[in-house]
Every structure is written in C-alpha cells, then in structure tokens.
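Examination of the molecular architecture
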Amino acid sequence: QSRKSWSLVNFDIGRPLGRGKFGNVYLAREKETKFVIALKVLFKKQVAEQGIEHQVRREIEIQSHLRHPNILRMYGFFHDEARIYLILEYAPGGTLFNALKNQPNNRFNEQKSAKYIKCLVSALSYLHEKNVIHRDIKPENLLLGHDDQLKIADFGWSVHEPNSQRTTLCGTFDYLSPEMVQGNPHSKTVDLWSIGVLAYELIVGSAPFHHDEYDITYRRIMNVQYTVPNFVSKPAVHFIGSLLVFDPKKRMPLSQLINHPWLKFDAK
Ligand SMILES: COc1ccc(/C=N/Nc2[nH]nc(C)c2C(=O)Nc2cccc(NC(C)=O)c2)cc1
C-alpha cells in the first residue's frame, strides 16, 4: 500500500490542526477507507527560500521507515506544483506543549511526567539503534495520541549520526545541549540531554536554563546552571542530574535510564 501514489482527491480536508513555520497541518480523511489522518502541507516556495529541501527530504526518508508506538507514523507523501503533502498519523491529544500550558502551574504530577518520559526513552532507544538522532526533542514536537500515548513528531531536524550541524539553529535555545549550542559535532547524546531538559520542564513547569535573554540562557547551558525546587522528589532530581551533564560521554545511557527508579514510578 505504501507504494500507492496519493493525491489530494483521495482526501476530504477538515479543520486546520496547527500552523507551522513552513506550512499548516489539517485534519483529513481518506475517502475510501474513511481513515482519519493529519495532512501536513508545506509550500515548495518557502521550503526553497529557507533552503530546507534536504531537511524535508530527510524527514520523509526517516519518518516513513520508522515503526514504533511512540513515534508518529508517516503513511506517505505527494506533491503538486506548489505544495508538498505529508500524510501523517493523527494524534488527537495535540502537542505536549499545549497540554502543559493547560495544566495548573504548567506542570504534570511526577507519575504522569514519568509515564511520558518512559515513552520517550522507549522511542529514542528504537531511534538510536537505527542510528537516528532526533536533535529537536521539545514539547512542541511531541504529540499525544489515543489513551494519552506520547508520540515523537517533526523529524525535520533528525539526522543519521555522526553529524556536524550545518543548518543554523532556530527557535528556542532551551533544549539545546552545550555541544549543539557551540555548533560542535554531536551524536546521540544530544537526545539524552534533551530528555533531562524535558523531564525538568514536565515536573517543574519551566525549562531549567530558560531566561528571556538568550545569551543568559546560553551561559546557563554552558555552565549547566539550574536549580531544582524542593517539591521535586529525590529520584526525579537524580534522573535529571544524570542527564544534564556537560560531558556527553558521562550522561546516563538509555539502556540504564530505562531501569531508573524514577521511571519505575508509574508501575500501575
Ligand atoms: C487546537 O487544539 C488542537 C488539539 C489537537 C490537535 C491535534 N493535532 N494532532 C496532530 N496529529 N498529527 C499531527 C501532525 C498533528 C499536529 O501537527 N498537531 C498540531 C500541530 C501544530 C499545533 C498544534 N496545536 C495544538 C494545540 O496541539 C497541533 C491540534 C489542535
């Protein structure tokens, strides 16, 4: 079926789900099967202007070959003269970014946070064994599926390692590791750093190094300078502390992370 060539006539287009930098995402339904999907529409003109054709090609190449419950599926793609269309899995819960914002104090309890992080560790273990690093793990790129399952989306920044980053960084600095911020070559360990940043943000309600002035954020990242409020449990402090480590080689690897006491939290 993945060899089938799709076109717009195969779909009924529904409401816009979100607006991205390079195009919009719409709810859509395949006419014959009534299967509901998310259609991500990118404008070729903007993709060319931003010089990100290689990124879009990589997003398609990587995401369409991945099969994991915590990775958003790409079922296929097609294009017309002006647009590229990505046929993506529909995750009804929307972005984790949005779910966080809707929480009191913008945070989840530790049990729910541990559940999400466990999904993320499982997805990254799968990605890393395929030598794919995501490089852009953050709440905006994580979606919530049926029964609150976390899904990694937006592979626009993922690469096959090893890689030295060529494209200029854009968007928030909060999730970038020291080696990425310095533009140094980086490996799978950047995803480890961002798990630590995400775990902190889910539990505390703000990013560990965040400051409105990015050069202060930059300095805090380089000095690994963050404080943990005292409502955070000891296992969670240890979990975060084993990932927010300057030396990439000293970050706790996924194989150990999956057995960390804090992730055992959500046994029930
Ligand atoms: C405005 O409230 C919303 C509630 C739920 C959604 C669900 N989005 N689900 C998706 N499934 N597959 C993809 C791809 C998406 C998606 O990109 N969603 C998306 C994109 C950009 C912004 C948002 N905004 C929010 C609030 O989630 C959602 C989208 C919007």
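Residues numbered from 1 in each chain as written. Predicted model: local features only at pLDDT ≥ 70, side-chain atom pairs only at ≥ 80, totals over all residues. Heavy atoms only, no water.

Quick word on the overall build of the protein
A count of helical and extended segments in the protein gives ten helices and ten strands. Residue burial in the protein is summarised as follows: out of 268 residues, 48% are buried. Intrachain contacts of the protein at a sequence separation of at least 6 include 61% that bridge at least 24 residues. As displayed, the protein has an accessible area near 13200 Å², and 53% of this comes from carbon and sulfur atoms. (Helix = DSSP H or I, 4+ residues; strand = E, 2+ residues; numbered from the N terminus. Buried < 20%, exposed > 50% of the residue type's maximum accessible area, 1.4 Å probe, protein only. Contact = heavy atoms within 4.5 Å. Areas by Shrake-Rupley, 256 points an atom, 1.4 Å probe, with all protein chains shown as cover.)

Points about helix 4 (residues 110–129)
In a regular helix each residue adds 1.5 Å, so 20 residues correspond to 28 Å; helix 4 covers 28 Å between its end C-alpha atoms and thus fits that length. Its side-chain oxygen placed 3.0 Å from the backbone nitrogen of Gln 111, Asn 109 serves as the N-cap of helix 4. One or two positions beyond helix 4, positive phi appears at Asn 131, with a value near 55°. (Expected span 1.5 Å × (residues − 1). Polar contact = N/O pair within 3.5 Å; in protein donor to acceptor, adjacent residues only side chain to side chain.)

Topic: the environment of Leu 176
Along the chain, Leu 176 turns up in the loop between strand 10 (159–160) and helix 5 (178–181). The spacing of Leu 176 and Trp 193 is 17 residues in sequence and 7.9 Å in space, taken between C-alpha atoms.

A few points about the nonpolar core
Among the nonpolar cores identified, the biggest contains 54 residues, and Ile 117, Leu 120 and Ile 195 are the most heavily contacted of them. Residue contributions to this core peak at eleven residues, all from helix 6 (residues 189–204). Among the nonpolar cores identified, the runner-up in size contains 14 residues, and Ile 52, Ile 60, Leu 72 and Ala 153 belong to it. (Core = buried A, V, L, I, M, F, W, Y, C linked by side-chain atoms within 4.5 Å.)

Notes on the pairing of strand 2 (residues 23–30)
Pairing of strand 1 (residues 11–19) with strand 2, which is carried by six bridges, proceeds in the antiparallel orientation. Along strand 2, the bridge assignment pairs Gly 18 with Val 25. As paired elements, strand 2 and strand 3 (residues 36–43) share seven bridges and run antiparallel to each other. If you follow Val 25 over to strand 3, its bridge partner there is Lys 40. Hairpin connection, strand 2 to strand 3: the antiparallel pair is bridged by five residues, and Lys 34 has positive phi, about 65°. (Pairing = 2+ DSSP bridges.)

Some words on the packing of aromatic side chains
For any pair of aromatic rings, the description consists of the separation of the ring centres together with the inter-plane angle of the planes. Inspection of every chain in the model, using the stated rule, returns ten aromatic pairs. With a centroid separation of 5.6 Å and an interplanar angle of 40°, the aromatic rings of Trp 6 and Phe 11 are classed as tilted. Like Trp 6, the residue Phe 11 is buried in the burial classification. Ring centres of Phe 11 and Phe 78 lie 6.0 Å apart, and the angle between their planes is 5°; on these two criteria the pair is classed as stacked. Of this pair, Phe 11 sits in strand 1 while Phe 78 sits in strand 4 (residues 74–79); the two residues are 67 residues apart in sequence, bridging distant segments of the chain. In terms of burial, Phe 11 and Phe 78 fall into one category: buried. Members of the aromatic cluster, each reached through a chain of ring pairs, are Trp 6, Phe 11, Phe 78 and Tyr 85. In this structure, Lys 4 is placed above the aromatic ring of Trp 6, and the distance from its NZ or CZ to the ring centre is 4.9 Å. Lying across the ring of Phe 231, Arg 107 places its NZ or CZ 4.3 Å from the centre. (Phe/Tyr/Trp six-rings, centres within 6.5 Å; stacked < 30°, edge-to-face > 60°. Lys NZ or Arg CZ within 6 Å of the ring centre and 35° of its normal.)

Structural notes on the site of the ligand
As a structural note, the neighbourhood of the ligand is formed by 14 residues, with Leu 17, Glu 89, Ala 91, Thr 95 and Asn 98 the closest of them. Backbone polar atom of Glu 89 to a nitrogen atom of the ligand: 2.8 Å apart, as the coordinates give it. One of the backbone nitrogen or oxygen atoms of Ala 91 is found 2.8 Å away from a nitrogen atom of the ligand. When residues of the shell around the ligand are traced back to their parent elements, those giving at least two are strand 1, strand 5 (83–89) and strand 6 (94–95). The residue makeup of the shell around the ligand, split by class, is nine nonpolar, four polar and one charged. (Near = heavy atom within 4 Å. Nonpolar A, V, L, I, M, F, W, Y, C, P; charged D, E, K, R; others polar.)

A closer look at the sheet that holds strand 3
If you walk across this open sheet you meet the five strands as 1-2-3-5-4, and the pairing is antiparallel. Two strands in the sheet have a free side with no partner beyond their single neighbour: strand 1 and strand 4. Averaged over all neighbouring strand pairs, the angle between strand axes comes to 25°, with direction disregarded. (Axes fitted to C-alpha atoms, helices over the stretch in contact; angles between N-to-C directions.)

Concerning the packing of helix 6 against helix 8 (residues 234–241)
Between helix 6 and helix 8, whose axes approach to 8 Å, the crossing angle comes to 150°. The angle between helix 6 and helix 8 places the two elements in the roughly antiparallel class. Within the contact between the two elements, helix 6 uses Ile 195, Gly 196, Ala 199, Tyr 200 and Ile 203 and helix 8 uses Ala 236, Phe 239 and Ile 240. Looking at the contact of helix 6 with helix 8 residue by residue, the class counts come to seven nonpolar, one polar and no charged. (Parallel < 35°, antiparallel > 145°, perpendicular 65-115°, else oblique.)

No statement about biological role is implied by the geometric values presented.
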